Amino acid sequence: MSPWSPSEFEGAVVAVTGAAQGIGRSIALAFAAQGANVAVIDVQEAAAQAVVREIEAGGGRAVAVACDVSKRESVRAAVGAVTDSLGGIRVLISNAGITRPAMIRKMTDEQWDQVVGVHLNASFYWLQEVVEPMIEAGGGRIIFTSSSTAQNGSIGQVNYAAAKSGMLGLMRSAAKELGRYNILVNAVAPAALTDMTRTVMTDPKFGADPSKSTLRRFAEPEEIAPAYLFLASSASSYMTGQVLSVDGGSMMVR
Ligand SMILES: NC(=O)c1ccc[n+]([C@@H]2O[C@H](COP(=O)([O-])OP(=O)(O)OC[C@H]3O[C@@H](n4cnc5c(N)ncnc54)[C@H](O)[C@@H]3O)[C@@H](O)[C@H]2O)c1
């Protein structure tokens, strides 16, 4: 039995970035299955529309919103589009991500800027764009997708680790600043086999091998999504500024 009431997300507007595939897609499907109205936000518009069709085929309600989260104007337009089509955002899940791995001596400014733009700048843009309507609505939930890399670092990923660590500083500060408005801000640190991680995890050069993790296997994105349901639900009503690791115990074995 779920720790949250199955009906508590009925009609709630949940915006998920990077929802065209991978973990974001699973989050979108999980919330839709709970009755939420889901904004499937992604730079890949056709793939986002395919997720919407999948949700609609299951009897749910969703809209696809094309957005490049690393661009302020695009984020602002996306928030407007979601609000116009579904209503005010009650739960924001800032999840879009990329990797541009390279060893320090070879990393280009472009690789650095792209990764910081999609993870850290985007987190700031989304936070600023949703906060006012959430205050007016009397509260909300903001959940960032971070990474164990934020704490552990990762060979070949100074850009990604720096962006994900920065995201946690932003998350904790936002939690402190917004608690008085009943806005709870948390992060999930996942590990799952997706397009993004397939290259990094399976390339021995970058030193990541989940088969050596506590559970000795990769996770499917579907195993990550319930953590977001929890952090958006009344079951986590006294939890803010936290990082929830859903990584098969990999944080413990490093
Ligand atoms: N998979 C893992 O093990 C793992 C581990 C730690 C953190 N994460 C984080 O989880 C999140 C989801 O990653 P995933 O593994 O599902 O990867 P994925 O590559 O399958 O999905 C990422 C999604 O983000 C979208 N995206 C990329 N750039 C964008 C942009 N500029 N604007 C809008 N959308 C954009 C992509 O189109 C894609 O749909 C990322 O933030 C990633 O850093 C994943």
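Residues numbered from 1 in each chain as written. Predicted model: local features only at pLDDT ≥ 70, side-chain atom pairs only at ≥ 80, totals over all residues. Heavy atoms only, no water.

Draft legend 1. Just the site of the ligand, in detail. Every one of the 30 residues lining the ligand counts as a neighbour, but D42, N95, Y160, A192 and T194 are closest to it. Taking G97, its main chain carries an N or O atom lying 3.4 Å from an oxygen atom of the ligand. One of the side-chain N or O atoms of T194 is found 2.5 Å from an oxygen atom in the ligand. A total of 820 Å² of accessible area belongs to the ligand in isolation, and the protein chains cover 94% of it. Mapped by element, the contributors of at least two residues to the shell around the ligand are α1 (22-33), α4 (109-137), α6 (158-178) and α7 (195-202). A per-element tally of the shell around the ligand places α7 first, with four residues. Along the lines of polarity and charge, the residues of the shell around the ligand split into 14 nonpolar, 12 polar and four charged. (Near = heavy atom within 4 Å. Polar contact = N/O pair within 3.5 Å; in protein donor to acceptor, adjacent residues only side chain to side chain. Areas by Shrake-Rupley, 256 points an atom, 1.4 Å probe, with all protein chains shown as cover. Helix = DSSP H or I, 4+ residues; strand = E, 2+ residues; numbered from the N terminus. Nonpolar A, V, L, I, M, F, W, Y, C, P; charged D, E, K, R; others polar.)

Draft legend 2. Expanded view of the sheet that holds strand β2 (residues 37-42). Pairing is parallel in the open sheet, where seven strands are placed in the order β3-β2-β1-β4-β5-β6-β7. Where the open sheet ends on each side, the last strands, each with one partner, are β3 (61-66) and β7 (243-246). Strand after strand, the sheet turns through a mean of 20° between neighbouring axes, direction not considered. For strand β5 (residues 140-145) and strand β6 (residues 183-190), the ladder comprises six bridges, and the chain directions are parallel. Residue pairing in the sheet places I142 in a bridge with V185 of β6. Its contacts with the sheet place helix α3 (residues 72-85) against β1 (13-17), β2 and β3, and it is angled at close to 155° to β3. Sheet strands in contact with α6 are β5, β6 and β7, and its direction is about 160° off that of β6. (Pairing = 2+ DSSP bridges. Axes fitted to C-alpha atoms, helices over the stretch in contact; angles between N-to-C directions. Contact = heavy atoms within 4.5 Å.)

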